[in-house]
Amino acid sequence: MSLTREQLAQQIIDAGRFLYGRGWSPATSSNYSARLSPTEALLTVSGKHKGQLGPDDVLATDLAGNSLEPGKKPSAETLLHTQLYAWRPQIGAVLHTHSVNATVLSRLTPGDFIDFEDYELQKAFSGVSTHESRVRVPIFDNDQDIARLAAKVQPWLDAHPDCVGYLIRGHGLYTWGAQMSDALRQIEAFEFLFECELKTRSVLNR
């Protein structure tokens, strides 16, 4: 049964409060979305504090990232959300956060990806059923030209249909799921893995 716009908006509002409360979406950073229809998405508007979102702080866009509500401006990163909905029809929610761990780890990792292996919590990701696996997370250099950044992300998605999230260097994390609860679960799993990786590196570098 499909959720109404009001229900989806409330999921976005609740996600904002949770993610802000965990310190993963400080101030006006981050953006969240949910699939509204096969050709539309519901996204947070630009410049709003994510711990204080209300029903008027979301707007509908088409999958090209164009606002369908006059007077409301979508996030600058709308295209990074809508390309995911266009890429995979079963994606129902996308979350982008700006945690300290994600930001620092993406800056400290010199290559184009980071691998997580043999962590029990990898099983929190959709499609992963054992810790005896590898979760590869690509890292893309930050770019103020979002269309250009999206064009760099798309070939990775096409070549890695099992991708569960990606990092933007010095910026933050994108992850997604069939519904909002799935995307939130993956955020928590990623944050655990990011913290483990940073602590491991700290110990090894002593």
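As a convention, each chain's residues are numbered from 1 in the sequence order in which they are written. Where totals are concerned, whole chains, interfaces and linings use all residues; where local detail is concerned, this predicted model gives features only for residues with pLDDT of at least 70, and gives and counts side-chain atom pairs only at 80 or more. Heavy atoms from the whole structure form the basis of all side-chain values; hydrogens and water molecules are not counted.

By the naming in an unreviewed UniProt entry, the protein chain is Methylthioribulose-1-phosphate dehydratase, taken from Pseudomonas ekonensis. UniProt positions are given in the numbering used here, feature names are shortened, and annotations may be inferred rather than shown by experiment. Regarding the protein chain, the relevant UniProt record gives this comment under Pathway (unreviewed entry): "Amino-acid biosynthesis; L-methionine biosynthesis via salvage pathway; L-methionine from S-methyl-5-thio-alpha-D-ribose 1-phosphate: step 2/6."

A.B. asks: Honestly, the sheet that holds strand E2 (residues 40-44) in this entry has me stumped. Any pointers?
C.D. replies: Hydrogen bonding along the main chain pairs the strands of a sheet, whether they run parallel or antiparallel. Here, strands pair whenever DSSP counts at least two bridges between them. Helix and strand definitions follow DSSP, with helices as H or I runs of at least four residues and strands as E runs of at least two, each counted in order from the N terminus. Within the open sheet, the eight strands sit side by side as E3-E2-E1-E4-E8-E7-E6-E5. Their pairing is mixed. Across the chains shown, the open sheet's two edge strands, defined by having one partner strand only, are strand E3 (58-62) and strand E5 (113-117). For this sheet, the mean angle separating the axes of adjacent strands, direction not counted, is 20°. Angles run from 0 to 180 degrees between N-to-C directions of axes, and those axes are lines fitted to C-alpha atoms, restricted for helices to the stretch in contact.

A.B. asks: Would you take a moment to explain the side chain of Thr-61 for this structure?
C.D. replies: Mapped onto the secondary structure, Thr-61 falls in strand E3. Exposure remark for Thr-61: the relative accessible area of 0% places this residue in the buried category. Buried, partly exposed and exposed residues are distinguished by accessible area as a fraction of the type maximum, computed with a 1.4 Å probe on protein chains only: under 20%, between the cut-offs, and over 50%, respectively.

A.B. asks: What exactly am I supposed to notice about the pairing of E2 here?
C.D. replies: In the case of a regular strand, side chains alternate between the two sheet surfaces. Most of E2 is tucked away, with four of its five residues classed as buried. Where strand E1 (residues 31-37) and E2 come together, four bridges link them in antiparallel fashion. Along E2, the bridge assignment pairs Arg-35 with Ala-41. Two elements, E2 and E3, share five bridges in a ladder whose sense is antiparallel. Opposite Leu-42, over in E3, you have Ala-60 as the bridge partner.

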